[in-house]
Amino acid sequence: AAALKAADRDGAPVLLALHGSNNTTDLILNISELTASADKYGNILVAPQGSVPGASAGTWAWNVPGVTTVPAGTPDDVRFLKALVDKVVTSYCGNRHDVYATGWSGGGRMISAVACTLPGLFAAIAPVVGLRAGVPVKDASGTWVPDRSTCSPKHGTPVVTFTGTADPINPAAGGGAAYWQYSAKQALDAWM
């Protein structure tokens, strides 16, 4: 929302909204209408920017562990998002147990990685075409599966996710870029 006042938001739910790769915070806020929702329902909306410069000038991506190839010295976005949640909860009287995250595409991959790495940070996640459950690896039969050593999401983080069957960048059936490979259903099944 426009201006946060601690007194107006005491104990309010917190929602992180992460932009997609090669994108901006403005786009996710404009297409999602989350600002109007935050104003209407009184939650604290936070739309941070990823640390990786995007393919086009003025765009950004997230440093998703095991997914994004980034230059040496790129900030750790998992650590950044944890610190951001702590700061928002402390500075704006957000409810620590009422922190949610959504993200579109690369932002969905990022919140998946954070929820795997820091179980309990989010009360729930809602990736839009981006749910992952670890780095893709081939099993003994040669099938792409989530690497459970990079994410074992059995800590009870609730998930609602959205996947487009015609999405060429994050194919619902798997394939595509090296970071994708296993299907959206495999990712969701790993969270159950």
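Please refer to the structure higher up on the page.
For the structure given in this document, a descriptive report is provided here. On a predicted model such as this, the values are computed, not experimentally measured, just so you know.

The next subject is the pattern of salt bridges. Throughout the structure, instances matching the rule amount to 2 salt bridges. For Lys-82, the salt bridge goes to Asp-86, with nearest N and O atoms at 2.7 Å. Of this pair, Lys-82 and Asp-86 both sit in helix α3 (residues 77–91), 4 residues apart, which is roughly one turn of the helix. Asp-86 gets classed as partly exposed once you look at its relative accessible area, which sits at 22%. Between Lys-185 and Asp-189 there is a salt bridge, and its shortest N-O distance comes to 2.8 Å. Of this pair, Lys-185 and Asp-189 both sit in helix α5 (residues 184–191), separated by 4 residues, roughly a single helical turn. Classification of Lys-185 as exposed rests on a relative accessible area of 56%.

So, on to α3. Taking 1.5 Å per residue as the helical rise, α3 with its 15 residues ought to reach 21 Å, and the 20 Å between its terminal C-alpha atoms agrees with that figure. Along its buried surface, α3 packs onto β1 (12–18), β2 (44–46), β4 (60–61), β5 (94–104) and α4 (106–117). Capping the start of α3, Asp-76 holds a side-chain oxygen 2.9 Å from the backbone nitrogen of Val-78, two or three residues further along. Of the residues one or two after α3, Cys-93 is the one with positive phi, at around 55 degrees.

Reading the values: the criteria
- Residues numbered from 1 in each chain as written.
- Predicted model: local features only at pLDDT ≥ 70, side-chain atom pairs only at ≥ 80, totals over all residues.
- Heavy atoms only, no water.
- Salt bridge = Lys/Arg side-chain N within 4 Å of Asp/Glu carboxyl O.
- Helix = DSSP H or I, 4+ residues; strand = E, 2+ residues; numbered from the N terminus.
- Buried < 20%, exposed > 50% of the residue type's maximum accessible area, 1.4 Å probe, protein only.
- Expected span 1.5 Å × (residues − 1).
- Contact = heavy atoms within 4.5 Å.
- Polar contact = N/O pair within 3.5 Å; in protein donor to acceptor, adjacent residues only side chain to side chain.

By themselves, these observations are geometric and do not establish any function.
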